[in-house]
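# Examination of the molecular architecture
Now for the letters of each chain:
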Amino acid sequence: APRTTARSVTVSARAVAQVSEAEAGASDRSGEDFNKYVAKRAALVQEALDAAVPLEYPELIHESMRYSLLAGGKRVRPMLCLAACEMVGGSIEDAMPTACALEMVHTMSLIHDDLPMMDNDDYRRGALTNHKVYGEDNAILAGDAMLAYAFEHVARDTPSSVPAERTLRVIRDLGRACGSRGLVGGQVVDLESEGKPKEEVGMDTLKYIHEHKTGALLEAAVCCGAIIGGASDEEVEKLRKYALDIGLAFQVVDDILDVTQSSEELGKTAGKDLEADKATYPSLVGLEESERIARELVDTAKEALSGFDKEAAWPLEALATYILVRSN
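The text that follows walks through the structure, step by step, so that each part is easy to find.

Thresholds applied
Residues numbered from 1 in each chain as written. Predicted model: local features only at pLDDT ≥ 70, side-chain atom pairs only at ≥ 80, totals over all residues. Heavy atoms only, no water. Helix = DSSP H or I, 4+ residues; strand = E, 2+ residues; numbered from the N terminus. Buried < 20%, exposed > 50% of the residue type's maximum accessible area, 1.4 Å probe, protein only. Areas by Shrake-Rupley, 256 points an atom, 1.4 Å probe, with all protein chains shown as cover. Salt bridge = Lys/Arg side-chain N within 4 Å of Asp/Glu carboxyl O. 1 Å grid on protein atoms, 1.4 Å probe; cavity = no way out; pocket = protein on both sides within 12 Å on 5 of 7 lines; lining within 4 Å. Points joined across faces, edges and corners; volume = space filled by probe spheres on them. Nonpolar A, V, L, I, M, F, W, Y, C, P; charged D, E, K, R; others polar. Core = buried A, V, L, I, M, F, W, Y, C linked by side-chain atoms within 4.5 Å. Contact = heavy atoms within 4.5 Å. Phe/Tyr/Trp six-rings, centres within 6.5 Å; stacked < 30°, edge-to-face > 60°. Lys NZ or Arg CZ within 6 Å of the ring centre and 35° of its normal. Axes fitted to C-alpha atoms, helices over the stretch in contact; angles between N-to-C directions. Parallel < 35°, antiparallel > 145°, perpendicular 65-115°, else oblique. Polar contact = N/O pair within 3.5 Å; in protein donor to acceptor, adjacent residues only side chain to side chain. Expected span 1.5 Å × (residues − 1).

## A short note on the overall build of the chain
Within the chain one finds 16 helices and 2 strands. By residue count, 55% of the 328 residues in the chain fall in the buried class. Carbon and sulfur atoms form 51% of the exposed surface of the chain, whose accessible area is close to 13900 Å².

## Considering the pattern of salt bridges
This structure, assessed with the given rule, holds 21 salt bridges. Taken together, the salt bridges that share partners define one network made up of R75, E103 and R125.

## A look at empty space enclosed by the protein
If you walk through the whole model with that rule in mind, you get 2 cavities of 30 Å³ or more. The space that makes up the largest cavity amounts to roughly 110 Å³. Around the largest cavity, the lining is made up of 14 residues, and of these S68, D114, R124, T129 and N130 lie nearest the centre. Counting residues per element, the ones that place at least two in the lining of the largest cavity are α3 (59-69), α5 (92-113) and β2 (127-128). Looking at the lining of the largest cavity, its residues break down into 6 nonpolar, 4 polar and 4 charged. Of the voids in this model, the second largest cavity is the one considered here, and its volume is about 30 Å³. Surrounding the second largest cavity, E211, G215, A243, L244, G247 and L248 form its lining. Examining the composition of the lining of the second largest cavity, we find that 4 residues originate from one element, helix α11 (residues 233-260), more than from any other. Looking at the lining of the second largest cavity, its residues break down into 3 nonpolar, 2 polar and 1 charged.

## Describing the environment of W314
If you trace the backbone, W314 turns up in helix α16 (residues 310-325). In the structure, W314 is positioned 12 residues away from K302 in sequence and 9.7 Å away in space, judged by C-alpha atoms.

## Describing unusual backbone geometry
When glycine is set aside, most residues are seen to have a negative phi, and most peptide bonds are trans. For the bond from Y57 to P58, the omega torsion is -5 degrees, close enough to zero to count as cis. Structurally, the position occupied by P58 is in the loop between α2 (31-52) and α3. Even without a glycine there, the phi angle at R75 is positive, about 55 degrees. Looking at the element boundaries, R75 is found in the loop between α3 and α4 (76-87). The residue N120 is not glycine, and still its phi comes out positive at about 55 degrees. Mapped onto the elements of the fold, N120 is located in the loop between α5 and β1 (123-124). Residue N120 is classed as partly exposed on the basis of its relative accessible area, which comes to 44%.

## Side note on the nonpolar core
Ranked by internal contacts, the top residues of the largest apolar core, which has 89 residues, are F34, L80, M96, M104, L239, Y242 and L316. With residues up to four places along the chain from it excluded, the contact list for M104 reads A52, V53, L69, M146, Y149, A150 and H153.

## Here we look at the packing of aromatic side chains
By convention here, two paired aromatic rings are described through the distance between centres and the angle between planes. Summed over the entire model, instances satisfying the criterion amount to 3 aromatic pairs. Ring geometry for F34 versus W314: centroids 6.4 Å apart, planes at 75 degrees, classification edge-to-face. With a gap of 280 residues between them, F34 in helix α2 and W314 in helix α16 connect regions that are remote in the sequence. Of the two residues, F34 and W314, neither departs from the other in class, the shared state being buried. Here a set of aromatic residues connected by ring pairs shows up, and it is made of F34, Y37 and W314. Residue placement shows R77 over the ring face of F250; its charged tip is 5.5 Å from the ring centre. One cation-aromatic arrangement involves R326 over F250; the distance from NZ or CZ to the ring centre is 3.8 Å.

## Side note on the packing of α3 against helix α6 (residues 130-157)
Two elements in contact, α3 and α6, have axes whose closest approach is 9 Å; the angle formed by their N-to-C orientations is 95 degrees. Taken together, the axis directions place α3 and α6 in an arrangement best described as roughly perpendicular. Taking contact as the criterion, the partners of L60, I61, E63, S64, M65, Y67, S68 and L69 in α3 are, on α6, N130, V133, Y134, N138, L141, A142, A145 and M146. Classifying every residue of the contact of α3 with α6 gives 11 nonpolar, 4 polar and 1 charged.

## Comments concerning the environment of R156
Relative to the helices and strands, R156 is located in helix α6. The spacing of R156 and T167 is 11 residues in sequence and 9.9 Å in space, taken between C-alpha atoms. Of note is the side chain of R156, whose polar atom sits 2.8 Å from the side chain of Y149. Looking at R156, its side chain comes within polar contact range of the side chain of E152, at 2.6 Å.

## A few points about helix α10 (residues 215-228)
For α10, which comprises 14 residues, the first-to-last C-alpha distance of 20 Å matches the rise-based estimate of 20 Å (1.5 Å per residue) to within 8%. Just downstream of α10 lies G230, where phi reads positive at about 90 degrees.

Spatial relationships are all this shows, so hold off on functional conclusions.
What follows is the structure in structure tokens.
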């Protein structure tokens, strides 16, 4: 059965507790403020996800979907979506269906990524992966169902007060982010690169993989939240720059954590990239340079927020810091 809401929220809150007072992102905000913000948003997202995918007939597929969807995690994508929407004057209620859809797409990608024909992982978020509990057939179908349902959820449950044109733009951007020009494209190039000498893969291909496999959905999270909130085209493009930088930084940090953290700390198998001799930032440029690149990307992302009200932008600034300093 899926884990409880309270436990999942605790996991989310603990995952971001590493942002110190000095790193919170705004001079008049503390790390404690950020952790309270995250805990509150995680609880709201968890409640919305729980309601969005009820346990109904056929029970097996919905139980499988809920098992992975409600398993906790950092909820970075929904939080980015909600924060961007609020920053430009929108409401949490308006953006929540989009925030949930982003997490559905992300969860689908994790379920499929863990399958034996992909990354072949037994653990995710400290628990058995979906196919280890429900079988490979049901895991594939759970991911498929979640992907389809994400678009239905945005179209059906976005409040009617949000102009239909905005909702349509969100559906378009979300579709691009998870298709062959986004997440799937990045995954394909990643699979094609397996077994090749990392020097042959090279930095350009590695950057493409990271920007599409991971970055595209983070970009969609920020931009879709802003669109729902009524941001101007100029504001959306500024936030796109922010999102592209934190998206790449997120995966650079993932590469670093794969070689510096234990499986227990990560909640998934550590050292797999190193064992497979895959191209990663640490394997191509070294650990120290990888850390410098990640810091530079986060600094540049924060600069993209400079034109927005500082008080309104502090959650996005603090989330950028969290992406850099997280330990899982």
